[in-house]
Amino acid sequence: MTGSDPTFLGVVSAVTGATLTIKLAESLNSGLAVINGHTYRVGQVGSFVRIPQGYQDLFGIVSEVGATAAPDTSAAEGIDTGRWMKVQLAGEAIGGMFERGLSQHPNINDSVHLVTELDLRRIYGSGGDDQVVIGSLASAENVTVRLSLDALVTRHSAILGSTGAGKSTTVASLLRSIVRKDGQKGAPAARILMLDVHGEYTKALGDLARVFSATPAPGEDPLFVPFWALEARELLDFTVGGLSDAHEIAFTDKIFELKAKCLAAHPLAGLDPKSLTVDSPVPFSLKQLWYELIDFETMTFTGAQRDIPALEQAGDADALTSPRYTPHAMGAAGPFMNNAAKGIRRPLNLLRSRLLDRRYDFALHPGEWEPALDGGIQSDLDKLLQGWLGHDRQITILDLSGVPSSVLTRLIGSILRVVYEALFWSREKSEGGVQRPLLIVMEEAHRYLGPDTGTDAIEAVKRIAKEGRKYGVGAMVVSQRPAEVDETVLSQCGTVIALRLSNPVDRSRVKGTLPDNLAGLMDLLPVLRTGEAIITGEAARLPVRCRVTLPSAEHLPRSSDPQVTQAWATRRVAEGYDRVVASWRGQSTTAVVNEPNIQRSPLADAESQGEGA
Amino acid sequence: MMREPVASSNIASVGYDAPSETLEVEFQNGTVYQFYNISQGIYDQFMEASSKGKFFSTYIKNAYPYSRVG
């Protein structure tokens, strides 16, 4: 069992908890072992070892390698080379089944073996349906690393790494291998919603995805989040800011009144008017809300009973002009002001200015979902959800790159709320999250999940992180600044894919998500190569250092570094900064200065008829 | 309750507590009254009114429950 077996590494010399000290055999001085034609590097930190124990095999991960520092206890003759390594035990295999956790410890002088491709196949199973390939082992490129898709989606995951470490590529590669478009056993019904803050993924996943954008390019759909689908409190927070209790009641009462009126005029399936609440997603007109409230606030009365409105000129709800009343006077003849006014002119003015602010159009004037003054709408929420969740492609990209950062948090919070509520309440139906789970990929999570970025998005994500598993909604948090991502959210991520991270604060946050004996593995984080990741947690059978498969060149995300030398070395071409300004002003990367104004007329050419384009 | 001095021939100072919707008025003769159920809107209008005494007698006096507190 010693010299002849090429997988033999050494013997156990000390056992402390789950940490083993192993003496390395002399046969490995070259640092290489050739087994079945494959070359394995020996004693790499982060590689696996196997310790046979009769029927069982124990598996562990190398965390430290050194020489002559191990205690000089009685060692088997001929193998005391003074070289040792420390191994963290991670799990055991009984027969063909690998399990995390240990039922027994090894003894002193038990032999330790290299883990071959065959053993890894045992660990990762025979590549069952739920296993997706993410890349190959960093130490042995011929061994593929698989993740359990079920655990990856339902137990949530985090992809963390410094800028330029390959996060976007990892995400694109992972999503691509989940969907497996070219593979025979694809996932045609996969449902993935991606919040793309920088607009990087349209190129990478465009062939698998439908793209919705706040600033749509040709071929993309506009992104709308109808305000009336939000909870009343959230909507008020968004439109009028903080309100005192008394003022909030004035608004919610009026919202309820308008929703009830709309429901009476346009009955909605499933909603009994008796069970209507102020939070029910029923269309109503914000303009009408503003008009009715401002009308009541500014009203003055004349007459002996002080009950005849002294209206001079009616306003216009659609154009947001207030009605004009004769100003109240102090005398006994009046007109008198409305005693019952709530004193909400200031929040109403804010609401009006929000309604006029184009930055909020995605929510307050949501295209065909914008209700008329009486609450009538062109399209209902089903069309919106069908667009996001029910189309023929597996991935939906919501391109948020054109959204001003001041409203990004609110927009993301609103999207997550709408999607989660829809899947939560449809959990008994085949469209719901239980029957067809949804994975939500949150790019640049530190921008809207930080402790000081407002509450909308955090509350929604926390809810998904805590209870999403039961309703089939999984989160994938992607961030370059884990220290700025809310701790609750990060701690709920069952799987951590950590790429190169150099900032010590970020690293300690990632380390904190791991059990103590594996924390040593995370010391590798600053020296990982681009595209290399340490994967730990529920989805990975063993913590593993993995090289993520690169997607083909045309499917790389649009986030690669600019080629500085090459760009600076080329000759300067004529530049037009007027189009720079046009793009800036238009908040659109495709803005032009001079409309080309091409006259197109159909050609009646006999030859072109055959092409049928 | 904090009362703000106001310029008026009849009223010396006015205070308002929004959570309990209570208005407190001190008159020039030194007596202090509290008026209840006064909405923020009325209070805002009151503070803006050019003549506090007139506004008070038109809209607040004899229109809201009150009690003398000092």
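On a predicted model such as this, the values are computed, not experimentally measured, just so you know.

Caption draft 1: Structural detail: the overall build of chain A. Along the backbone of chain A there are 16 helices and 26 strands. Along the three orthogonal principal directions, the C-alpha set of chain A runs to about 115 × 70 × 45 Å. Out of the 613 residues in chain A, the part that is buried amounts to 49%. Counted over contacts in chain A with a minimum sequence separation of 6, partners at least 24 positions apart contribute 70%. Counting 61 positive and 72 negative side-chain charges, chain A places the centres of these two groups 2 Å from one another.

Caption draft 2: Focus on the interface of chain B and chain A. Between chain B and chain A, the contact holds 13 residues from the first and 16 residues from the second. Together chain B and chain A conceal approximately 1100 Å² of surface at their shared face, both sides included; 57% is due to carbon and sulfur atoms. For chain B, the biggest contributors to the area lost against chain A are Gln-45, Thr-58 and Tyr-59 of chain B; these three give 49% of the whole. At the surface where chain B touches chain A, the tally comes to zero salt bridges. Run the count over chain B and chain A and you get one residue pair in polar contact (both at pLDDT 80 or more).

Caption draft 3: Just the sheet that holds strand 13 (residues 192-196) of chain A, in detail. All names here are of chain A. As summarised here, the arrangement of the 12 strands in space is 11-10-26-25-24-12-23-22-13-21-14-15, forming an open sheet in which the pairing is mixed. Across the chains shown, the open sheet's two edge strands, defined by having one partner strand only, are strand 11 (144-148) and strand 15 (221-222). The sheet contact formed by strand 14 (residues 209-213) and strand 21 (residues 395-399) spans five bridges and is parallel. The partner of Phe-212 across the bridge, within strand 21, is Leu-398. The sheet strands contacting helix 10 (residues 381-389) are strand 13, strand 14, strand 21 and strand 22 (438-442), and the helix crosses strand 14 at an angle near 125°.

Caption draft 4: Inspection of the pattern of salt bridges at higher detail. Residue and element names in this part refer to chain A. Tallying each qualifying case throughout the model produces 25 salt bridges over all chains. Arg-358 is the partner of Asp-361 in a salt bridge, and the nearest nitrogen-oxygen pair spans 3.5 Å. Given the relative accessible area of 67%, Arg-358 is considered exposed. Between Glu-467 and Arg-463 there is a salt bridge whose closest N-O contact spans 3.2 Å.

Caption draft 5: Examining the packing of helix 11 (residues 405-425) of chain A against helix 12 (residues 456-471) of chain A more closely. All names here are of chain A. Contact geometry for helix 11 and helix 12: axes closest at 8 Å, N-to-C directions at 25°. Looking at the two axes, helix 11 sits roughly parallel to helix 12. The crossing of helix 11 and helix 12 is left-handed. Contacts from Thr-409, Arg-410, Ile-412, Gly-413, Leu-416, Arg-417, Tyr-420, Glu-421 and Phe-424 of helix 11 reach helix 12 at Asp-456, Ala-457, Ala-460, Val-461, Arg-463, Ile-464, Glu-467, Gly-468 and Tyr-471.

Conventions and cut-offs
- Residues numbered from 1 in each chain as written.
- Chains lettered and ligands numbered in written order.
- Predicted model: local features only at pLDDT ≥ 70, side-chain atom pairs only at ≥ 80, totals over all residues.
- Heavy atoms only, no water.
- Helix = DSSP H or I, 4+ residues; strand = E, 2+ residues; numbered from the N terminus.
- Buried < 20%, exposed > 50% of the residue type's maximum accessible area, 1.4 Å probe, protein only.
- Contact = heavy atoms within 4.5 Å.
- Lys, Arg positive; Asp, Glu negative; His and termini not counted.
- Charge placed at Lys NZ, Arg CZ, Asp CG, Glu CD.
- Buried area = accessible area lost by both parts, 1.4 Å probe.
- Salt bridge = Lys/Arg side-chain N within 4 Å of Asp/Glu carboxyl O.
- Polar contact = N/O pair within 3.5 Å; in protein donor to acceptor, adjacent residues only side chain to side chain.
- Pairing = 2+ DSSP bridges.
- Axes fitted to C-alpha atoms, helices over the stretch in contact; angles between N-to-C directions.
- Parallel < 35°, antiparallel > 145°, perpendicular 65-115°, else oblique.
- Left-handed = near helix turned anticlockwise from the far one by under 90°.

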